[in-house]
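Spelled out, the chains give:
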Amino acid sequence: MTDDSETNGSTTPTAAQTACFEAGIKFGSLYHQFAGTPVSPSSAPSLARAMEESIENQPHCSAVTVDVRTDELERELADSTADYTELTGRFLEVEIVVDYEGREVVTRMAMENGYPLMELVSVDGRESDA
C-alpha cells in the first residue's frame, strides 16, 4: 500500500503516524488508569501483569512490558510506617509495541529529570509510507 498523503497535500495520516498515535493512546491509558494505585514490593509483580494484560487488550497493541521498580519502592518505604505507597511514574519502566498495518512502533517510558517521559524508540516499516 502506498500512502502519498505527504506528496499530494492530504491531511490523512500515514500508517506509521497512526501507529505512533495508537502508541500514545496506550501510554496515556496505562499511566492514567494506574497512577495512584496502592503498590508494595510484594504486590508489584501482580500489578505489573495486570497493567500489561489491560493494555494488551487494546487494538493494535502487540506487546506490553511493565517493570515496577521494587528497589525504588523499597527506598520509598524505608522510613515509612506504611507497607505500601501510591504508584507513580518513578516506579515504572514500560515498553509498548504497536503494530498497525505492518508498521511496528516501539515506545518506552523512563524517568528523565524526575519526570516520567514517554518516548518513541523506533518505527519499522516506514519505507512503504513514502
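Quick notes on the rules
Residues numbered from 1 in each chain as written. Predicted model: local features only at pLDDT ≥ 70, side-chain atom pairs only at ≥ 80, totals over all residues. Heavy atoms only, no water. Pairing = 2+ DSSP bridges. Helix = DSSP H or I, 4+ residues; strand = E, 2+ residues; numbered from the N terminus. Contact = heavy atoms within 4.5 Å. Expected span 1.5 Å × (residues − 1). Buried < 20%, exposed > 50% of the residue type's maximum accessible area, 1.4 Å probe, protein only. Arc of directions from axis to C-beta.

Note that strand S5 (residues 103-112) and strand S6 (residues 115-124) share 9 bridges and pair antiparallel. Looking at S6, one finds that threonine 107 is bridged to leucine 120. Following S5, the chain reverses through 2 residues before pairing antiparallel with S6; asparagine 113 in that reversal takes a positive phi of roughly 55°.

Pairing between strand S4 (residues 92-100) and S5: 7 bridges, direction antiparallel. Bridge pairing links aspartate 99 to glutamate 104 in S5. Taking the residues between adjacent antiparallel strands as the criterion, S4 and S5 are bridged by 2 residues, where glutamate 101 takes a positive phi near 45°.

To continue, consider the side chain of threonine 107. Counting through the fold element by element, threonine 107 comes out in strand S5. Not counting the four nearest positions on each side in its chain, threonine 107 is found in contact with Ala23, Phe27, Val94, Glu95, Ile96, Glu119, Leu120 and Val121.

Take helix H2 (residues 44-56) next. Over its 13 residues, H2 runs 18 Å from end to end, which matches the ideal 18 Å to within 8%, given 1.5 Å per residue. Where H2 is concerned, the buried positions are Ala44, Leu47, Ala48, Met51, Glu52 and Ile55. Seen end-on, H2 carries its buried residues on one side only, within an arc spanning 135°. Elements that come into contact with the buried residues of H2 comprise helix H1 (15-34), strand S1 (38-39), strand S2 (61-68), helix H3 (70-77) and S4.

Keep in mind these numbers describe shape, not what the thing actually does.
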